[in-house]
Each structure stands twice: as C-alpha cells, then as structure tokens.
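The residues making up each chain are set out below.
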Amino acid sequence: MTQEKTNKDASRSWYVIDLNGKVLGRAATKIADILRGKNKPSFAPHIDSGDFVVVLNAAKVVLTGNKMDQKIYYRHTGYMGGLKSLSAEKVLKTDAERVITQAVKGMLPRNTLAHKMIKKLKVYSGSEHPHGAQNPQVLSL
C-alpha cells in the first residue's frame, strides 16, 4: 500500500541568489528548477514541493548577444490599440524585476501549479531583501 504525498509533506527552504554579472537564461533555469523542486530526490511533477528563492541584483543581470537591443517585452493596457513594446535595455532600467520574473515564469509548466510556484519567487533589483528572518542559504550559480 503506497502513501500519496501531499503539499503538507514538503519541507520548504529559502535560497538567496545574487545575479550580479550572471547570464539571464542560465540563471532562470536554475531558479525554475528550485521553484519546482527538481533539486530534491522527492520530486513529483504533480506536487508543489519547491523552495522559496530570493533573487538579488536583478538590475545587474547580463543578456548575451544583441538581446539588449533586439529582445522586445510586450504588455497591453486593455484598451484598443494599447499594445506597448519596450526593449530589454529600457525594461532593465525601469523594472528589472519583471525581466527575471518573466524569464522564470516562461520556464515553469503551464498549469495551476505554476501560479503557486511563481509566488515563491521574490525578486529585488538591489542587494537588500526583507527575508532575513527565514535564514536563507546563499546559493551560487
């Protein structure tokens, strides 16, 4: 008789990742794996057993090639003709958290668990964070 795992059985850890000078795509894959729980031996795709991730220095992330000029981020205002487009360089200057969040969200599965997983991602453009009480472990990429 096998016992089914639940979300209550998952032990959650906190990790801090510093993205100063790191490549966006490579960092996003590692973050997505930790959020899903793929770094644990008890990984199951139908259970949210991932850990919390705090990302620091999001504004200092590096994009390879010509992506700073050629990569376009789109958003819609909700009005007719309200499609707005910004280059990656402008988005990194104004809203660096959006770049990291969108890259990680694109690497998560498209199901109801992804909404719970992305809530465990905390992104900050500076080097300070308010999650010191959780005693996060520093993780190097």
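Residues numbered from 1 in each chain as written. Predicted model: local features only at pLDDT ≥ 70, side-chain atom pairs only at ≥ 80, totals over all residues. Heavy atoms only, no water.

**Some words on a nonpolar patch on the surface**
A cluster of nonpolar side chains, namely Ile 72, Tyr 74 and Leu 83, defines an oily patch on the protein surface of about 310 Å² accessible area. Mapped onto the fold, Ile 72 is located in strand 3 (residues 72-76). Ile 72 sits in the partly exposed class, given a relative accessible area of 35%. (Patch = residues over 30% accessible without salt bridge, like charges linked within 9 Å, V, L, I, M, F, W, Y side chains within 5 Å. Areas by Shrake-Rupley, 256 points an atom, 1.4 Å probe, with all protein chains shown as cover. Salt bridge = Lys/Arg side-chain N within 4 Å of Asp/Glu carboxyl O. Helix = DSSP H or I, 4+ residues; strand = E, 2+ residues; numbered from the N terminus. Buried < 20%, exposed > 50% of the residue type's maximum accessible area, 1.4 Å probe, protein only.)

**Here we look at the packing of aromatic side chains**
This structure, assessed with the given rule, holds 1 aromatic pair. Between Trp 14 and Phe 52 the ring centres are 4.4 Å apart and the planes differ by 5 degrees, which places this aromatic pair in the stacked class. Pair noted here: Trp 14 is in strand 1 (residues 14-18) and Phe 52 is in strand 2 (residues 52-56), with a separation of 38 residues, a long-range link. Each member of the pair, Trp 14 together with Phe 52, is buried. Here the basic side chain of Lys 71 rests over the ring of Tyr 73, its NZ or CZ set 5.2 Å away from the ring centre. (Phe/Tyr/Trp six-rings, centres within 6.5 Å; stacked < 30°, edge-to-face > 60°. Lys NZ or Arg CZ within 6 Å of the ring centre and 35° of its normal.)

**Examining the environment of Gly 25**
Mapped onto the elements of the fold, Gly 25 is located in helix 1 (residues 24-36). On the accessibility criterion, Gly 25 (34% relative accessible area) is partly exposed.

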